[in-house]
Amino acid sequence: MTTANTGIAQTTAGAASSPRVRERLVERLIDAGIGDARVLEVMARVPRHLFVDEALASHAYEDAALPIGHGQTISQPYMVARMTQALLQSGCCATVLEIGTGSGFQTAVLASLVRRVYSVERVSALWQRAEQRLRELRYRNVRLRYGDGALGWPEYAPFDGILITAAADGVPRLLAEQLAPGGRMVLPLDRGKGQVLVRLTRTNFGYRHELLEPVTFVPLLGGIA
Ligand code: SAH
């Protein structure tokens, strides 16, 4: 009985992660406006079905956010691709700080494209699970930390890029300060009447803001859990 069940589970996961299913996701991302070939290649390669519960694996290559427990979600593939593309456009970044590790999927996507990724998560159970997952998948250029991401990670600052995967009311000041000159931050900002994705670039004179598009993210919360 046990063997039969395992067999069925594997078949389901196998079909759910087949090359055809991943190709279809990439086609959907292209239709939605993702044009960066490196980002598309990585979106097809990183095994998203291993970043969600087994029960949800058959939905892993649909373009949807999925629950990962603790009231949090793994971001929608389009949003992961969009934020990664916005961050890496025109040659940025060797080092990236991510706030909100969650499942670790966005971390793995970034780690496939840049030299080193630092990621901070405030929910202990999610941090531990992501740590184990990324280790098993052999992402060696990743360092994870359990803590309040609004404080950044001063020991490794400055960063060429910072990516925040939860929405704040304003740009967290300590994070802006940990951005290298010429570096950029991509983050959802809650402006009361809805959230918008923003790209912030640190210039010699201050920070330049670009509004990218309306988005929906879970809130950036204070402290740890
Ligand atoms: N990139 C993740 C997104 C997870 S959702 C993924 O695709 O799986 C956003 C995450 O941000 C949640 O895991 C939440 O716990 C975390 N988060 C919220 N506020 C935070 C804070 N102040 N510091 C660190 N992580 C935070």
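Residues numbered from 1 in each chain as written. Predicted model: local features only at pLDDT ≥ 70, side-chain atom pairs only at ≥ 80, totals over all residues. Heavy atoms only, no water.

Right, let's get into the environment of Gln 178. Locating Gln 178 in the fold gives a position in the loop between α7 (173-177) and β7 (179-190). Judged by relative accessible area, Gln 178 falls into the buried class, the value being 8%. Taking the C-alpha atoms as reference points, Gln 178 and Val 26, separated by 152 residues in sequence, lie 33 Å from one another. Setting aside anything within four residues of it in sequence, one finds Gln 178 in contact with Leu 97, Leu 151, Gly 152, Trp 153, Pro 154, Ala 157, Pro 158, Phe 159 and Ile 162. (Helix = DSSP H or I, 4+ residues; strand = E, 2+ residues; numbered from the N terminus. Buried < 20%, exposed > 50% of the residue type's maximum accessible area, 1.4 Å probe, protein only. Contact = heavy atoms within 4.5 Å.)

Attention now moves to the pairing of strand β8 (residues 195-202). In terms of burial, β8 is a largely internal element, 7 of the 8 residues being buried. As paired strands, β7 and β8 are joined by 7 bridges and run antiparallel to one another. Counted as the bridge partner of Pro 188 is Leu 197 from β8. Across 8 bridges, the pairing between β8 and strand β9 (residues 207-215) is antiparallel. Residue pairing in the sheet places Arg 199 in a bridge with Glu 210 of β9. Remark: 4 residues form the turn of the hairpin made by β8 and β9, two consecutive strands paired antiparallel; Gly 206 in that turn has positive phi of roughly 150°. (Pairing = 2+ DSSP bridges.)

Right, let's get into the layout of surface pockets. As a volume, the largest pocket reaches approximately 530 Å³. As for the largest pocket, its lining consists of 36 residues, and the residues nearest its centre are Gln 72, Thr 73, Thr 165, Ala 166 and Val 218. Element by element, the count of residues in the lining of the largest pocket is highest for strand β2 (residues 72-74), at 3 residues. Looking at side-chain class alone, the lining of the largest pocket contains 18 nonpolar, 14 polar and 4 charged residues. (1 Å grid on protein atoms, 1.4 Å probe; cavity = no way out; pocket = protein on both sides within 12 Å on 5 of 7 lines; lining within 4 Å. Points joined across faces, edges and corners; volume = space filled by probe spheres on them. Nonpolar A, V, L, I, M, F, W, Y, C, P; charged D, E, K, R; others polar.)

The subject of this paragraph is the pattern of salt bridges. Between side chains of opposite charge, a pair can form as their charged atoms come close. Under the definition given, this model contains 8 salt bridges. For Arg 20, the salt bridge goes to Glu 27, with nearest N and O atoms at 3.8 Å. Its relative accessible area of 39% is what places Arg 20 among the partly exposed residues. What makes Glu 27 partly exposed here is its relative accessible area of 37%. Here Arg 45 makes a salt bridge to Glu 41, at a shortest N to O gap of 2.7 Å. Of the two residues, Arg 45 and Glu 41 are both situated in helix α3 (residues 37-45); the distance of 4 residues between them amounts to about one turn of the helix. A cluster of three or more residues bridged by salt bridges with shared partners is formed by Arg 20, Glu 23 and Glu 27. (Salt bridge = Lys/Arg side-chain N within 4 Å of Asp/Glu carboxyl O.)

Right, let's get into the nonpolar core. Among the nonpolar cores identified, the biggest contains 48 residues, and Leu 29, Met 43, Val 46, Leu 87 and Phe 105 are the most heavily contacted of them. Listed by contribution, the elements that provide at least two residues to this core are α2 (19-31), α3, β1 (66-69), α4 (77-88), α5 (105-111), α6 (124-136) and β5 (142-146). If you tally residues by element for this core, the top one is α4, at 8 residues. In this structure, Ile 162, Leu 175, Val 196 and Leu 200 belong to the second largest nonpolar core, which totals 17 residues. (Core = buried A, V, L, I, M, F, W, Y, C linked by side-chain atoms within 4.5 Å.)

Fair warning: the whole summary comes from geometry, so function is off the table for now.
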